[in-house]
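If you want the building blocks of each chain, they are given just below.
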Amino acid sequence: MTETRFVVGVTGASGIPIAIRTVEALAEHGAVHTVVTDAAESVMAHESGSREATMDRLQEASAELYGESEVGAPIASGSFDTDGMVIVPASMNTVAAVATGRSDSLVTRAADVTLKERRRLVVVPRETPLSQIHLENLTKLAELGVDVVPPVLGFYFDPEDPDDFVDHIVGKILERFGLDHDCYDAWNPD
Ligand SMILES: Cc1cc2nc3c(=O)[nH]c(=O)nc-3n(C[C@H](O)[C@H](O)[C@H](O)COP(=O)(O)O)c2cc1C
């Protein structure tokens, strides 16, 4: 593979601003193939302005933008090589599907492919509080080698507005791929 490629799955949990910024930040390092579930499109209507504006921003930053039903897309096949996948935000529905090998949408199929090809999979689960079912599914993913990066608040980098919290999580995601970023200042004891 000569081109650096990432897959991003955007699912129907709160946190669409994190998804937008993740796609934009990854696009600085390679081609981003983005998949948006139907539920994510519904959540967009409640977060980040409007569904149309959010989809336009994702389209702009992505090499390709897919809907969940497009299971014939290249990213549904293991022979389409990638540097890995992020699911951000990851709904508990999608977490459960990936943890149990269900691949009935392009997001879950692409995640299943990422696991079977032993590529990096980063999941940004968003729900609170977490039930035992959620925790068991996330534990299963961790046991499979998935990087579980919950969007939890940090205060050690002097956040001034909500965008700083978003960028902090985006930086944490990029670090899972070994990518440089200036999303936040790493903690310095001095
Ligand atoms: C405004 C809104 C916010 C939601 N937030 C969450 C959430 O934070 N976490 C979650 O697991 N589900 C959340 N849901 C429910 C999911 O969208 C729902 O379970 C859906 O079936 C997920 O489908 P998907 O995994 O295919 O995207 C939310 C739904 C709406 C409409």
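Small disclaimer: the values here were computed from a predicted structure and weren't measured.

Turning our eyes to something else, we now look at the pairing of strand S1 (residues 5-10). In terms of burial, S1 is largely enclosed, as six of its six residues are buried. Both faces of S1 are covered, namely the face carrying Arg5, Val7 and Gly9 and the face carrying Phe6, Val8 and Val10. Once you follow S1 into helix H1 (residues 16-26) and on to strand S2 (residues 31-36), the crossover reads as right-handed.

In this structure, Val8, Val86, Ile87, Val88, Ala110, Val123 and Val124 are the most contacted members of the largest nonpolar core, which totals 52 residues. Per-element accounting of this core gives the leading share, seven residues, to H1. Apart from the residues lying within four places of it in its own chain, the contact partners of Val124 are Ile18, Val86, Ile87, Val88, Pro89, Ala90, Val149, Pro150, Pro151, Ile169 and Ile173.

In this section: the site of the ligand. Around the ligand, the surrounding shell holds 16 residues, and the nearest of these are Thr11, Gly12, Ala13, Thr37 and Ala39. Residue assignment for the shell around the ligand shows that the elements contributing at least two residues are helix H2 (38-44) and helix H4 (92-99). With four residues, H2 is the single largest residue contributor to the shell around the ligand. Looking at the shell around the ligand residue by residue, the class counts come to five nonpolar, nine polar and two charged.

Of all six residues in S2, five are buried, a share of seventy percent or more. Pairing between S1 and S2: six bridges, direction parallel. Residue Val10 lies in a different strand from S2, and its bridge partner there is Val36. Relative to strand S3 (residues 64-67), S2 runs parallel, the two being bridged by four bridges. Bridge pairing links Thr34 to Leu65 in S3.

Another aspect to go through is the sheet that holds strand S4 (residues 85-90). Ordered by their spatial adjacency, six strands build an open sheet running S3-S2-S1-S4-S5-S6, and the pairing between neighbours is parallel. The sheet is open, and its two borders are formed by S3 and strand S6 (147-148), each paired with just one other strand. Sheet topology places S1 next to S4; three bridges connect them, and they run parallel. Its bridge partner being in S4, Val8 is matched across the sheet by Val86.

About the thresholds
- Residues numbered from 1 in each chain as written.
- Predicted model: local features only at pLDDT ≥ 70, side-chain atom pairs only at ≥ 80, totals over all residues.
- Buried ≥ 20, exposed ≤ 12 C-beta atoms within 10 Å, placed from the backbone.
- Helix = DSSP H or I, 4+ residues; strand = E, 2+ residues; numbered from the N terminus.
- Right-handed = clockwise from strand over helix to strand, strands pointing away.
- Core = buried A, V, L, I, M, F, W, Y, C linked by C-beta atoms within 7 Å.
- Contact = placed C-beta atoms within 7 Å.
- Near = placed C-beta within 6 Å.
- Nonpolar A, V, L, I, M, F, W, Y, C, P; charged D, E, K, R; others polar.
- Pairing = 2+ DSSP bridges.

The values are spatial; any link to function lies outside them.
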